[in-house]
Amino acid sequence: MDLDVAAKTTLLKKIPHGLFICGVAEGDLVNGFTASWVTQGSFTPPLVVTGVRSDSTSHGMIQRTGRFSLNVMEVGQQDVVARFFRPQAAVGGRLAEVPYRLGALGLPLLDDCLGGLECHLVGHVAAGDHTVFVGEVKTAVLHREGEALVMAHTRWTYGG
């Protein structure tokens, strides 16, 4: 049986994707990147799951430190999210452009978003060109209520 590549691409792009800024920190280095492969994985304990490109700097930081943050972006914040797509000159370069603070676990939490979660890594699965990281939510900060930004609010596509 052969895979219908066109059908696969079309259908995978129809999976709903939120747009988040994932934050990492290691020593004095902080970094952030756009994450769209994110979902809740468990109620008790509260777990979130995210896919991170295996060859990225942030991937190694998550592996070594065992923690990451997820900042929930609001409808209309595409310009902020787009900054985190761009290549950067050095680790932390993207975060220099947006106000943030370090949370209780020392992870970057953006000031201007719906809120953020800090997570402790409890598992991972390495497969393909991404690693799926499972994090237990340890802290949560809610800045305001609002509608979360999802890929469908933009002209962007990712996946397939």
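To be clear, the structure that these remarks concern was listed above.
Cut-offs used in this document
- All residue numbers here refer to positions counted from 1 along the written sequence of the relevant chain.
- In keeping with the predicted nature of the model, local features appear solely for residues at pLDDT of at least 70, side-chain atom pairs appear and are counted solely at 80 or more, and the whole-chain, interface and lining totals rest on all residues.
- With hydrogens and water excluded, all non-hydrogen atoms of the structure serve as input to the side-chain values.
- A helix here means a DSSP run of H or I that spans at least four residues, while a strand means a run of E at least two residues long, and both kinds are numbered starting from the N terminus.
- As defined in this context, the radius of gyration uses C-alpha atoms, and a globule is described by 2.2 Å times the residue total to the power 0.38.
- Throughout this description, buried means an accessible area under 20% of the type-specific maximum (1.4 Å probe, protein chains only), exposed means over 50%, and partly exposed covers the range between.
- Any two residues whose heavy atoms approach within 4.5 Å are treated as being in contact.
- For the accessible areas, the method is Shrake-Rupley and the probe is 1.4 Å, while residue cover comes only from the protein chains on display.
- Positive charges come from Lys and Arg alone, negative charges from Asp and Glu alone, with His and the N- and C-terminal ends not counted.
- Taken as the charge centre is NZ of Lys, CZ of Arg, CG of Asp or CD of Glu, depending on the residue.
- By convention in these notes, a salt bridge is any Lys or Arg side-chain nitrogen within 4 Å of a carboxyl oxygen on Asp or Glu.
- For two strands to be treated as a pair, DSSP must find no fewer than two bridges joining them.
- Structural elements are reduced to axes, namely lines fitted to C-alpha atoms, with helices fitted over the stretch in contact, and the angle between N-to-C directions of any two is expressed from 0 to 180 degrees.

Draft legend 1. Looking closely at the overall build of the protein chain. Looking only at helices and strands, one finds three helices and nine strands in the protein chain. Since a compact globule built from 160 residues should have a radius of gyration of about 15 Å, the 15 Å found for the protein chain is in line with a globular shape. C-alpha atoms of the protein chain, sized along the principal axes, occupy 50 × 40 × 35 Å. The 160 residues of the protein chain split such that 40% are buried. A separation threshold of at least 6 residues defines the contact pool for the protein chain, and within that pool the share at least 24 residues apart is 64%. Within the structure as shown, the protein chain displays about 8,600 Å² of accessible surface, and the carbon and sulfur contribution to it stands at 58%. When the 13 positive and 15 negative side-chain charges of the protein chain are each reduced to one mean point, those points stand 3 Å apart.

Draft legend 2. Broad picture of the pattern of salt bridges. The full count for this structure, using the stated rule, is seven salt bridges. Here Arg83 and Glu97 are joined by a salt bridge, their closest N and O atoms 3.8 Å apart. One end of the pair, Arg83, is in helix α3 (residues 78–83); the other, Glu97, is in the loop between α3 and β6 (100–102), and 14 residues separate them in sequence. Judged by its relative accessible area of 25%, Arg83 is partly exposed.

Draft legend 3. Examining the sheet that holds strand β4 (residues 47–53) more closely. Spatial ordering of the open sheet is given by β2-β1-β5-β8-β9-β4-β3, a layout of seven strands whose pairing is antiparallel. The open sheet terminates on both sides in strands that have one partner only, identified here as β2 (29–35) and β3 (38–42). Shown here is a sheet whose adjacent strand axes are inclined to one another by a mean of 35 degrees, direction ignored. For strand β1 (residues 20–26) and strand β5 (residues 67–72), the ladder comprises four bridges, and the chain directions are antiparallel.

Draft legend 4. Local environment of unusual backbone geometry. For the bond from Thr44 to Pro45, the omega torsion is -5 degrees, close enough to zero to count as cis. By the secondary structure assignment, Pro45 is in the loop between β3 and β4.

Draft legend 5. Structural context of the pairing of β5. Examined bridge by bridge, β5 and strand β8 (residues 115–127) share six bridges and lie antiparallel to one another. Along β8, the bridge assignment pairs Phe68 with Cys119.

Honestly, that's just the spatial picture; any functional story needs more than this.
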